[in-house]
Amino acid sequence: MDKLKIKRVFFICLFLLIASCSSVKQTGHAEVHDIMGSFPKKIVVKNKTHIPSEDVLKALFIFIQFDNDKNVKSKAWPYDTLSLPAWTKTFVNKEPSRNFPVKNISQYYYEMSDGKFFLTGDVYPELVRPFYSQKHYKSISEVNYEILKQLDGKIDFSQYDNWSRGRDGYFIRKPDKKVDMIYLIYRNFSNRLFFNNGWTGIAHLYLTKNIKTNDGVTIKTGSLDRGSGIIIRGGKNGAYWLKYVAAHELGHFLFGSGHIQGVTSLAVMTGGPVWNAGRGMHSWERARLGWIKYTDVKPGIDKVFTLPDYMTSGKALRLKLSGKEWFVVENREHLSVNDKSGDKGIYIYHINNADRYTPRIFVECADGNWDFKIDTKKNKLYKIKPNPNGKNEINFTRVINRKNYACFKPVYKDNSAWGDNTDAFDVKYNNVFSPVSNPSSGNNAKIPFTIEVVKKIGTDYRIKFYFKHPYEGKPSKPQYLRVKINTSEHPKLTWSVNKEPDLLYYKIYLGTGKKYNPVKLKLINKTNYLDKNKSEISWIDRITKFSSQNKSYFYAVSAVDKGGKQSVISNPVKIYWKGKWVVDNAFEVQQ
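Residues numbered from 1 in each chain as written. Predicted model: local features only at pLDDT ≥ 70, side-chain atom pairs only at ≥ 80, totals over all residues. Heavy atoms only, no water.

1. Some details on the sheet that holds strand E7 (residues 201-202)
What links the strands of a sheet is backbone hydrogen bonding, and the strands pair in either a parallel or an antiparallel sense.
Phase 1: With mixed pairing, the five strands of this open sheet are ordered in space as E3-E2-E6-E12-E7. Edge positions in the sheet fall to strand E3 (118-123) and E7, since each has one partner strand and no second.
Phase 2: Pairing geometry for strand E2 (residues 56-64) and strand E6 (residues 182-186), over five bridges, is parallel. Its bridge partner being in E6, Phe-63 is matched across the sheet by Ile-185.
Phase 3: Its contacts with the sheet place helix H3 (residues 140-151) against E2, E6 and strand E12 (229-233), and it is angled at close to 115° to E6.
Phase 4: Contacts from helix H4 (residues 239-255) reach E2, E3, E6, E7 and E12, with the element oriented near 150° to E12. (Pairing = 2+ DSSP bridges. Helix = DSSP H or I, 4+ residues; strand = E, 2+ residues; numbered from the N terminus. Contact = heavy atoms within 4.5 Å. Axes fitted to C-alpha atoms, helices over the stretch in contact; angles between N-to-C directions.)

And the structure:
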């Protein structure tokens with residue numbers, strides 16, 4: 001081949017390579033252009049949010065570590081004087097995209113908003129270190145100011161000036177010379193620097209004064225949109241923990257100040273009793289921002305609904321009794337990486353102050369509401385007996401002598417305040433939510449209704465609302481079964497009376513084995529003894545003999561109405577040998 005042909009082949013190959021590279025870039029830019037073009041120039045502010053709830057937000061993420069922080073151990077963010085942890089590089093997407101190789105904070109807001117809100121940004125590529133140790137500074141305001149002044153000239157801060165805001169309440173995609181969003185993320189620092197507070201983050205950029213940058217924009221001190229960002233400490237906990245804390249703090253810019261109490265991992269703006277528990281958004285939050293729309297249930301009309309997984313579909317039911325009082329139903333199936341509910345199944349919520357932030361969301365846990373007892377001498381909390389008007393393991397909290405008593409260790413037997421596998425309604429564990437169940441559907445509007453979980457098909461649930469005849473469906477689950485063994489070893493069973501007006505009798509079951517298996521329960525008696533004026537019913541088993549010490553015995557009951565419809569089986573009571581026969585009345589299982 002002569003030299004001329006070689007040159008032609010070379011230039012053709014070079015041209016094809018350049019064209020190929022250009023087409024890759026154009027594909028990426030085309031997606032960005034398509035996403036940006038889908039938003040109007042004037043952006044409606046929903047519910048007086050501090051940033052638009054439908055647009056692209058570009059933020060700057062700066063990771064910071066004090067030199068004297070080496071005594072704090074962390075695998076997620078090992079102490080290092082030079083390098084950023086590897087996960088920080090993919091913590092946020094650089095540009096708007098519908099593809100997420102990493103389930104990062106960009107993916108979180110894309111999923112929660114159903115593609116209406118894009119959080120993008122840049123991670124400053126170096127680990128930033130304050131000039132001095134923590135002891136040198138009076139507050140975090142001094143540190144933040146020093147760091148941002150140090151980086152002025154190295155960063156074009158004007159890139160993070162996203163919007164301006166007109167007098168008409170609209171955001172306009174036009175810079176206003178103010179930086180909108182900087183995340184200052186610290187590996188760790190002491191409470192003293194955070195004004196003696198135990199906060200992990202705050203939607204307030206504390207600075208000693210505003211900073212006019214070399215780029216002609218101002219980094220402002222202040223809270224929410226009066227300031228220019230967010231402070232987080234605890235980066236040592238890693239990407240998973242940090243994603244949700246960062247999402248929570250940005251949530252304040254979308255909703256405002258304040259927290260939703262008693263919802264733990266079922267919302268992002270959660271407060272006590274478990275802090276830093278916020279995960280995937282509650283349907284109230286997403287609907288508030290215009291990201292999803294409820295399917296409304298009409299009071300007075302009986303109807304069957306099929307609910308797919310809430311988190312991935314954005315589908316949820318709302319029974320709107322007034323502007324302020326709602327009941328909401330979600331199907332939580334853990335199909336999303338951001339769904340961290342304690343249980344799978346149907347979650348029911350009673351919401352008051354539903355027309356404003358913050359709402360009061362009461363999680364109607366399937367294992368009921370209870371009376372609790374606090375032992376201040378032992379610093380322990382105990383669940384005593386069912387009470388439809390009481391609290392549940394998610395929302396109970398009380399502070400005595402600065403000690404917080406809630407359903408988490410070490411004051412409680414387990415960490416049920418985070419949610420557990422008896423929170424959701426389903427076809428086996430608890431399938432009826434009615435005016436006489438525990439929890440009950442009682443409401444301020446005094447509209448009686450029942451929700452029955454009818455069937456599960458794949459990951460979908462079929463549920464029915466009853467208004468005309470609230471007790472037309474199955475009876476509610478019998479509760480508070482206890483067993484007592486007298487000297488003759490005849491077990492005495494006691495449980496709370498069902499209050500359905502058409503109740504006919506109860507079935508009593510006994511099972512044996514090393515482990516509880518509801519399939520192997522055997523019917524041993526039917527009792528027609530019904531006195532609805534009493535709160536409890538009792539029955540003595542004069543037949544069963546505990547013959548084997550190598551196995552356990554399990555009692556359970558169910559309720560049957562006049563139409564032959566039967567409730568789900570109660571929680572069982574376990575009896576086992578330990579030098580003598582021991583009764584475990586607190587035995588709980590997900591059936």
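2. Structural notes on helix H2 (residues 105-113)
Phase 1: In terms of burial, H2 is largely enclosed, as eight of its nine residues are buried.
Phase 2: Those residues of H2 that fall on the buried side of the exposure criterion are Ile-105, Ser-106, Gln-107, Tyr-108, Tyr-109, Glu-111, Met-112 and Ser-113.
Phase 3: At the N-terminal end of H2, a side-chain oxygen is found 3.1 Å from the backbone nitrogen of Ser-106, two or three residues along, and the residue is Asn-104.
Phase 4: Two residues or fewer after H2 comes Asp-114, characterised by a positive phi angle close to 55°. (Buried < 20%, exposed > 50% of the residue type's maximum accessible area, 1.4 Å probe, protein only. Polar contact = N/O pair within 3.5 Å; in protein donor to acceptor, adjacent residues only side chain to side chain.)

3. With respect to the environment of Ile-219
Phase 1: Here Ile-219 lies in strand E10 (residues 218-219).
Phase 2: Those residues in contact with Ile-219 that sit more than four places away from it in its chain are Leu-148, Phe-157, Val-179, Ile-182, Leu-205, Leu-207, Asn-210, Ile-211, Thr-213 and Ser-228.

4. Regarding the confidence of the model for the protein chain
Phase 1: For the protein chain, the average pLDDT comes to 89, and 90% of its residues sit at 70 or higher.
Phase 2: For the stretch residues 1-27, pLDDT sits under 50, and the model shows two contacts to residues farther than four places along the chain or on other chains. (pLDDT = per-residue confidence, 0-100.)

5. Some points on the pattern of salt bridges
For side chains bearing opposite charge, pairing can occur when the charged atoms are close.
Phase 1: Enumeration over the complete set of coordinates arrives at 16 salt bridges.
Phase 2: With a shortest N-O distance of 3.7 Å, Asp-67 and Arg-129 are connected by a salt bridge. Linking Asp-67 in the loop between E2 and H2 with Arg-129 in the loop between E3 and H3, this pair joins segments that are 62 residues apart in sequence.
Phase 3: Taken together, the shared-partner salt bridges in this structure form one network comprising Lys-58, Lys-94 and Asp-122. (Salt bridge = Lys/Arg side-chain N within 4 Å of Asp/Glu carboxyl O.)

6. Describing unusual backbone geometry
Phase 1: Residue Pro-273 is reached from Gly-272 by a cis peptide bond, and omega for that bond is 5°.
Phase 2: The residue after Tyr-357, namely Thr-358, is reached through a cis peptide bond having omega 10°.
Phase 3: Within the secondary structure layout, Thr-358 lies in the loop between strand E17 (345-352) and strand E18 (360-363).
Phase 4: You will see that Phe-195, though not glycine, has its phi angle at about 60°, which is positive.
Phase 5: Mapped onto the secondary structure, Phe-195 falls in the loop between E6 and E7.

7. Notes on the sheet that holds strand E27 (residues 491-496)
Phase 1: With antiparallel pairing, three strands are arranged side by side in an open sheet as E26-E27-E30. Of all strands in the sheet, those with a lone pairing partner are strand E26 (482-485) and strand E30 (536-540), marking the two edges. Across the sheet, the mean angle separating the axes of adjacent strands is 20° when strand polarity is ignored.
Phase 2: Across five bridges, E27 lies against E30 in antiparallel orientation. For Ser-496, the partnering residue across the bridge sits in E30 and is Glu-536.

8. Looking at the side chain of Gln-479
Phase 1: Topologically, Gln-479 is positioned in the loop between strand E25 (460-466) and E26.
Phase 2: A distance of 2.9 Å separates a polar side-chain atom of Gln-479 from the backbone oxygen of Asn-438.

9. Structural notes on the nonpolar core
The tendency in soluble globular proteins is for nonpolar side chains to be buried side by side.
Phase 1: Counting residues in each nonpolar core, the largest one holds 64 residues, and the members touching the most others are Tyr-109, Tyr-183 and Leu-250.
Phase 2: Residue contributions to this core peak at 10 residues, all from H4. (Core = buried A, V, L, I, M, F, W, Y, C linked by side-chain atoms within 4.5 Å.)

10. Some details on the packing of aromatic side chains
Phase 1: Counted under the stated rule, the structure contains 43 aromatic pairs.
Phase 2: Here Trp-77 and Trp-87 contribute two aromatic rings whose centre-to-centre distance is 6.4 Å and whose plane-to-plane angle is 80°, an arrangement assigned as edge-to-face. Of this pair, Trp-77 sits in the loop between E2 and H2 while Trp-87 is found in the loop between E2 and H2, placing the two residues 10 residues apart along the sequence.
Phase 3: Trp-77 sits in the buried class, given a relative accessible area of 0%.
Phase 4: Since its relative accessible area comes to 17%, Trp-87 is described here as buried.
Phase 5: The rings of Phe-66, Phe-131, Tyr-132, Tyr-137, Tyr-186, Phe-189, Phe-194 and Trp-199 are connected pair by pair, giving a single aromatic cluster.
Phase 6: One residue, Lys-383, lies across the ring of Trp-370, its end atom 4.3 Å from the ring centre.
Phase 7: Here Arg-482 stacks its cationic end above the ring of Tyr-480, 3.8 Å away from the centre of that ring. (Phe/Tyr/Trp six-rings, centres within 6.5 Å; stacked < 30°, edge-to-face > 60°. Lys NZ or Arg CZ within 6 Å of the ring centre and 35° of its normal.)

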